[in-house]
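# Structural description and commentary
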Amino acid sequence: MSDQMSDQMSDQLHAQSPTPLTLPAADDFAAWLDRRCADGLASTRDAVRRLKAGEASTAEQALRIWDTGMIGMANAAAVGSLFSEVHPDEAVRDRGDAAVQEVQKLGTELQLDRELYDVFAALDAAELDPEAARLLDKTLLDFRRSGVDRDDATRARIKEINEQLTLVGQEFGKNIRDGKRTISVAPARLAGLPQDWLDAHPVGDDGLVTLTTDYPDAIPVRTFCHDRDVRREMVNAFLNVGWPANEPLLRELFELREELARLVGYDTWADYDAGVKMIGKGVAIPEFIDRITEAATEPAERDRDILLARLRLDHPGAEAIDGVDVVYYEELVRKEQYDVDAQVVRTYFDFSRVRAGLLEVTSRLFDLTYTPVDDAVVWHPDVTAYDVTLGGETLGRIYLDLHPRENKYNHAAQFTITDGVAGHQQPEGVLVCNFPKGLMEHDDVVTLFHEFGHLVHHILAGRATWSRFAGVATEWDFVEAPSQLLEEWAWDAGVLQTFAKNAEGEPIPADLVAAMRRADDFGKGYMARTQMFYAAMSYWFHTDLPDDLTEATVSLQDRYSMFRYVEDTHMFSGFGHLDGYSSGYYTYMWSLVIAKDLFSAFDPDDLFAPEVAHRYRDLILAPGGTRDAADLVQDFLGRPYTFDAYGEWLAR
Ligand SMILES: [Zn+2]
């Protein structure tokens, strides 16, 4: 956007109907990415200049200038982070990384810009409608949380802390990535592991097989290896990744965060972190953890006893079960006591049928139409594009990038290309996953529905008045609720039978789906307890700042987990989420509790019933971040959310 753009021109722009972004051909991609980043950041800087120059004569105008500037920055960040992860050309991926770094640099600069903060602090909220007042409120809160309103010495210290936090966090992550351990075992001791896995692990010159603590080795060994001592060696190595180097780094991380929180006016880091989440206050986190723990205890004990009983068949007199045996006996119990053959299950999940089925199911559910855009420029031939319409009106565009390839992001996630702002730009988003082109596992199907839950949220909340509230702009501990809710459709026999068909065209049998669900339900109680053990570490480490993290871990494991501590291990050292989630590891479970409550409004015998699905679409998804998630949920349910549905599901 040029310097000369007047409000009048801006109004004209808003009156236009937004058109989809046209991606460039492969040869032009790097230059296009650079330009989009440079233009975006220039428009942000221009907005800042105009605000400081006093060009806005009303509070609303000031917010409009700011929001336009934020769109520029968000657009740059979105294409930067997407294409740094998915573009086949290394030069483009590097430019994407560079774009993300530039955006972060500008973001940090603006957060600490006192003159800019003063512009917002001087605005009169009384002039604004409720949504604009909410935007002003959130904007001021962001500034204050960054410490912009503190004195010079404090701001200098905050800057120092932030820089140190970045360094410590990088070092912590590096110790986990580079700190893998190995164990060497005689080939005869690997009985139980699948043949294709054994073939990929040849015997070395020393006559031993070397295994690493990376997942492709650690998980199969813990799951299938009959030799208990090999499992013990692996678990011991696995739970010592990053130790001892990471213990002092973690203590430094917790202390720096605590100091930062106090400098900007909070009692604890957990209060600071929870302050912009649905949970609201730090102290509510241990209450939530204890509540889940209590709800999970009965099913957790029930299933733990089943594992223990099975363990005793091999090891009579065993008194308890720990990490050496849990995964192995869980697999045995599932195999022996639940009649689910994964080889049969996958014959019903051919990728093309599943993708078509996903679109068909969500189209019926939300009354959407997906139109393939055959002439859309895409970054790889595997990628497909669709325009999404509702009631004849175009909402936005989605891209599905669903197969693995060299140098591509190797998890599953929804990425943004543009946030949808009414009259300005339409929402566009991408699903990035790594599914086989042939038959899929049912787990993959669940993942696909989950990620699509994020994507459809992004698109449906894409006619925002303010970009700040566009798309998946809700509190971070609510974000996973719509995606976890949509997983339910991948577990329903009636839904699955609409697309899950084998080569003969026969739909998946309902009794097979029921058996799959029973097998999946096994262990959910003790898994919830394990999750609460991790959540308790994440909260109490930040709040108590214990001197000895091993001692604190042992005591929290004893209190929350159903399984005994394995001697001489230090799992916290390899627990990367202590950096990423900080004190908020509870969030995924929090979203699940709400997802179960939202699901209770649907008719289990007819998941396509339109009235409730459309209300969900309009009251939960479409508003994006315009209101607090608790209020959206209350509107939809007609009451505040409760734990009841989650508790019933857990006890089932
Ligand atoms: Zn998710």
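Residues numbered from 1 in each chain as written. Predicted model: local features only at pLDDT ≥ 70, side-chain atom pairs only at ≥ 80, totals over all residues. Heavy atoms only, no water.

### Description of the coordination of the zinc ion
The protein atoms that coordinate the zinc ion are His450 (NE2), His454 (NE2) and Glu480 (OE), at distances of 2.1 Å. Within one chain, the residues donating to the zinc ion are spaced in sequence as H-x3-H-x25-E. Pair noted here: His450 is in helix H17 (residues 442-460) and Glu480 is in helix H18 (residues 480-487), with a separation of 30 residues, a long-range link. Side by side, His450 and Glu480 carry an identical accessibility label, which is buried. (Donors = N, O, S within 2.8 Å, 3.2 Å for Na, K, Ca; no water. Helix = DSSP H or I, 4+ residues; strand = E, 2+ residues; numbered from the N terminus. Buried < 20%, exposed > 50% of the residue type's maximum accessible area, 1.4 Å probe, protein only.)

### Considering the confidence of the model for the protein
The share of residues in the protein with pLDDT of 70 or more is 97%, and the mean pLDDT across the chain is 95. Note on residues 1-16: pLDDT is under 50 here. Beyond four places in sequence and across chains, it has 19 contacts. (pLDDT = per-residue confidence, 0-100. Contact = heavy atoms within 4.5 Å.)

### Things to note about a negative patch on the surface
Judged by side-chain charge, Asp89, Glu90, Asp94 and Asp97 come together as a negatively charged surface patch. Here Asp94 lies in helix H4 (residues 90-111). A residue is classified by how much of its surface remains accessible, and Asp94, at 44% relative accessible area, is partly exposed. (Patch = residues over 30% accessible without salt bridge, like charges linked within 9 Å, V, L, I, M, F, W, Y side chains within 5 Å. Areas by Shrake-Rupley, 256 points an atom, 1.4 Å probe, with all protein chains shown as cover. Salt bridge = Lys/Arg side-chain N within 4 Å of Asp/Glu carboxyl O. Lys, Arg positive; Asp, Glu negative; His and termini not counted. Charge placed at Lys NZ, Arg CZ, Asp CG, Glu CD.)

### Considerations on the sheet that holds strand S4 (residues 384-390)
If you walk across this open sheet you meet the five strands as S3-S4-S5-S7-S6, and the pairing is mixed. Edge positions in the sheet fall to strand S3 (368-372) and strand S6 (413-418), since each of these pairs with one other strand and no more. With strand direction ignored, the average angle separating the axes of adjacent strands in the sheet is 25 degrees. Of the strand pairs in this sheet, strand S5 (residues 393-401) and strand S7 (residues 428-432) are connected by five bridges, and their pairing is parallel. If you follow Tyr399 over to S7, its bridge partner there is Val430. Against the sheet, helix H16 (residues 351-366) makes contact with S3, S4 and S5, and its axis sits at roughly 145 degrees relative to S3, the strand it touches most. (Pairing = 2+ DSSP bridges. Axes fitted to C-alpha atoms, helices over the stretch in contact; angles between N-to-C directions.)

### Some words on the pairing of S4
Consecutive side chains along a regular strand alternate between the two faces of the sheet. Counting buried positions along S4 gives six out of seven residues, so the element sits mostly inside the fold. Alignment of S3 against S4, held across five bridges, turns out to be antiparallel. Note that in S4 the partner of Thr371 across the bridge is Asp387. Here seven bridges tie S4 to S5, and the two strands are oriented antiparallel to one another. The partner of Leu390 across the bridge, within S5, is Glu393. Counting the residues in the hairpin turn of S4 and S5 gives two residues, including Gly391, whose phi is positive at 55 degrees.

### Details of unusual backbone geometry
With an omega dihedral of 5 degrees, the bond running from Trp243 to Pro244 counts as a cis peptide bond. With respect to the helices and strands, the residue Pro244 is situated in the loop between helix H10 (228-238) and helix H11 (246-263). Here Asn407, not a glycine, exhibits a phi torsion of approximately 65 degrees, which is positive. Taking the relative accessible area as the measure of exposure, Asn407 reaches 48% and is therefore partly exposed.

### Considering the environment of Gln425
Residue placement: Gln425 occurs in the loop between S6 and S7. Considered as a pair, Gln425 and Tyr328 are 97 residues apart in the sequence and their alpha carbons are 51 Å apart. Here Gln425 is in contact with Pro18, Ile71, Asn75, Thr418, Asp419 and Gly420, once residues within four sequence places are set aside. Side-chain polar atoms of Gln425 contact the side chain of Asn75, separated by 3.0 Å. Here Asp419 takes part through its backbone oxygen, which lies 3.0 Å from a polar atom of the side chain of Gln425. (Polar contact = N/O pair within 3.5 Å; in protein donor to acceptor, adjacent residues only side chain to side chain.)

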